[in-house]
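Chain residues, written in single-letter form:
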Amino acid sequence: MVTIDLRSEIKEFLRSRRARLAPERAGLPAYGGNRRVEGLRREEVAMLAGVSVDYYVRMERGSLTGASDGVLEALASALQLDEAERAHLFHLARRSRASGGPGPRRRRAAVTVRPALQRMLDAITDAPAWICNGRYDVLATNHLARALYATVFADPRRPANTARFVYLEPEAAEGFFVDYDRVVRDVAAKLRMEAGRNPYDEELIALVGELSTRSELFRQRWASRDVRFHRSGRKRLHHPVVGRLDLDVESMEMSAEPGLLLNVYTAPAGTATAERLALLASWAADRDGPVPESRALGRDARGGRDS
């Protein structure tokens, strides 16, 4: 079983962000070209953040327990962290303060998607809509989303998990996602973000362990330490029945259900994608038998996101 060690997460994240930042980008002189470290030195980060070298070294060794929000803000600025990276740093610090160090893995109680949420999904008839958690478990869908992701649901395991599909069914996933390389990067980065929020989540640990064991590509992307938010954007898919779909994606955190994300895919009226979505809806309605059960839930559906 792979473990997500909080001190190691902090240490490797800070090291990786320091290593990518050249002195010139940080506004520092690079004395000669024979630097023994990649990126900034620890003392340079400490100077930029306005802290002592010893204090920064303690932080980079995995201790953020005593770091104030002001110090974290200064560190984020010194390392030129983007919005997701800054949030990840604060998640790690929050967990470090709460535990004072590594804590026990824990399994949260089983939960369900409320019937009202399923009715909401079912009421969205012209756009694929589905609910997932931060581990990419698909917890509930409407009819059109089930048809859109029929390839993902071909795996009998429940809940269906798009991260497993991306990394453990690479041939199918590469044929389905037009921008497969970007999807590969984003999935690993969003899972890393979830690990910062919930480093002791047993289900997340198990998923990371499974992907690390079975996918060299995942191991490479996980080692990058990159993080990303679940955000809106464009999803380009090649559906085996209706062909190419260029969809606008809105991914929204559900304030009443911390840890759950509502995803809705749309296309402008009159476009080829809108016509193909209508065709997909007809295909789904005409399939023999009902669409396989969309309410299958896994343990810890909420994913344990901080409220």
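Residues numbered from 1 in each chain as written. Predicted model: local features only at pLDDT ≥ 70, side-chain atom pairs only at ≥ 80, totals over all residues. Heavy atoms only, no water.

Caption draft 1: Summary view of the overall build of the protein. Secondary structure summary: the protein contains 14 helices and 5 strands in total. Burial analysis of the protein (307 residues in total) assigns 50% to the buried set. Of all intrachain contacts in the protein linking residues separated by at least 6 positions in sequence, the fraction that spans at least 24 positions is 65%. Just so you have it, the protein exposes about 14,400 Å², and 49% of that area is on carbon and sulfur atoms. (Helix = DSSP H or I, 4+ residues; strand = E, 2+ residues; numbered from the N terminus. Buried < 20%, exposed > 50% of the residue type's maximum accessible area, 1.4 Å probe, protein only. Contact = heavy atoms within 4.5 Å. Areas by Shrake-Rupley, 256 points an atom, 1.4 Å probe, with all protein chains shown as cover.)

Caption draft 2: Fine view of the side chain of arginine 18. Mapped onto the elements of the fold, arginine 18 is located in helix H1 (residues 6-19). At 2.8 Å, the side chain of arginine 18 and the backbone oxygen of leucine 40 are in polar contact. Each residue touching arginine 18, except ones within four places of it in the same chain, is listed here: Glu38, Gly39, Leu40, Arg41, Arg42, Val45, Tyr56, Glu60 and Leu79. (Polar contact = N/O pair within 3.5 Å; in protein donor to acceptor, adjacent residues only side chain to side chain.)

Caption draft 3: Highlighting the environment of arginine 234. In this fold, arginine 234 is placed in strand S3 (residues 233-239). Apart from the residues within four sequence positions on either side, arginine 234 is in contact with Arg182, Asp246, Leu247 and Asp248.

Caption draft 4: Here's a closer look at helix H6 (residues 115-123). Listed in full, the buried residues belonging to H6 are Leu117, Gln118 and Leu121. For H6, the angular spread of buried residues about the axis comes to 100°, placing them on one side. Residues of H6 that are exposed and angled more than 90 degrees away from the buried face: Pro115, Arg119 and Ala123. Along its buried surface, H6 packs onto strand S1 (129-133), strand S2 (138-141) and strand S5 (260-266). (Arc of directions from axis to C-beta.)

Caption draft 5: The arrangement of the pattern of salt bridges in detail. Within the structure shown, the criterion is met by 28 salt bridges. In this structure, aspartate 69 and arginine 97 form a salt bridge, with 3.2 Å as the shortest nitrogen-oxygen distance. On the criterion of sequence distance, the pair formed by aspartate 69 in helix H4 (residues 69-78) and arginine 97 in helix H5 (residues 83-99) is long-range, its members being 28 residues apart. Arginine 219 serves as the salt-bridge partner of glutamate 216, at 2.5 Å between the closest nitrogen and oxygen. With glutamate 216 and arginine 219 both in helix H13 (residues 216-223) and 3 residues apart, the pair spans about one turn of that helix. Residue glutamate 216 is classed as partly exposed on the basis of its relative accessible area, which comes to 42%. Salt bridges sharing common partners tie together Glu12, Arg15, Arg18, Arg42 and Glu60. (Salt bridge = Lys/Arg side-chain N within 4 Å of Asp/Glu carboxyl O.)

Caption draft 6: Molecular detail of the packing of helix H11 (residues 180-197) against helix H12 (residues 202-214). Running from N to C, H11 and H12 point in directions that differ by 145°, and their axes come no closer than 11 Å. For the pair H11 and H12, the sense of crossing is left-handed. For the pair H11 and H12, the contacting residues are Leu191, Glu194 and Ala195 in the first and Leu204, Leu207 and Leu211 in the second. Along the lines of polarity and charge, the residues of the contact of H11 with H12 split into 5 nonpolar, no polar and 1 charged. (Axes fitted to C-alpha atoms, helices over the stretch in contact; angles between N-to-C directions. Left-handed = near helix turned anticlockwise from the far one by under 90°. Nonpolar A, V, L, I, M, F, W, Y, C, P; charged D, E, K, R; others polar.)

Caption draft 7: Representation of the sheet that holds S3 in the model. Read across the open sheet, the 5 strands follow the order S2-S1-S5-S4-S3; overall the sheet is antiparallel. On the outer flanks of this sheet lie S2 and S3, each paired with one strand and no other. Each strand of the sheet is rotated relative to its neighbour by a mean of 30°, with strand direction disregarded. Across the sheet, helix H14 (residues 272-286) touches S3 and strand S4 (243-253), and the angle it forms with S4 is around 90°. (Pairing = 2+ DSSP bridges.)

Caption draft 8: The arrangement of the pairing of S5 in detail. Counting buried residues along S5, 6 of its 7 residues qualify, which places the element largely inside the surrounding structure. The pairing of S1 with S5 spans 5 bridges and is antiparallel. Of the residues in S5, the one forming a bridge with tryptophan 130 is asparagine 263. Across 6 bridges, S4 lies against S5 in antiparallel orientation. Along S5, the bridge assignment pairs glutamate 253 with leucine 261. Hairpin connection of S4 to S5: 6 residues between the antiparallel strands, including glycine 259 at a positive phi of 100°.

Caption draft 9: Expanded view of the packing of aromatic side chains. Summed over all chains, the structure comprises 8 aromatic pairs. Their ring planes at 65° and their centres at 5.5 Å tell us that tyrosine 149 and phenylalanine 176 sit as a pair that is edge-to-face. With a gap of 27 residues between them, tyrosine 149 in the loop between helix H7 (143-148) and helix H8 (150-153) and phenylalanine 176 in helix H10 (residues 170-176) connect regions that are remote in the sequence. With respect to class, tyrosine 149 is no different from phenylalanine 176; both count as buried. When the ring of phenylalanine 176 is compared with that of phenylalanine 177, the centres are 5.1 Å apart and the planes differ by 70°; the resulting orientation is edge-to-face. Residue phenylalanine 176 is classed as buried on the basis of its relative accessible area of 2%. On the basis of relative accessible area, phenylalanine 177 is assigned to the buried category, the value being 3%. Through successive ring pairs, a cluster of aromatic residues spans Trp130, Tyr149, Phe165, Phe176, Phe177 and Tyr265. (Phe/Tyr/Trp six-rings, centres within 6.5 Å; stacked < 30°, edge-to-face > 60°.)

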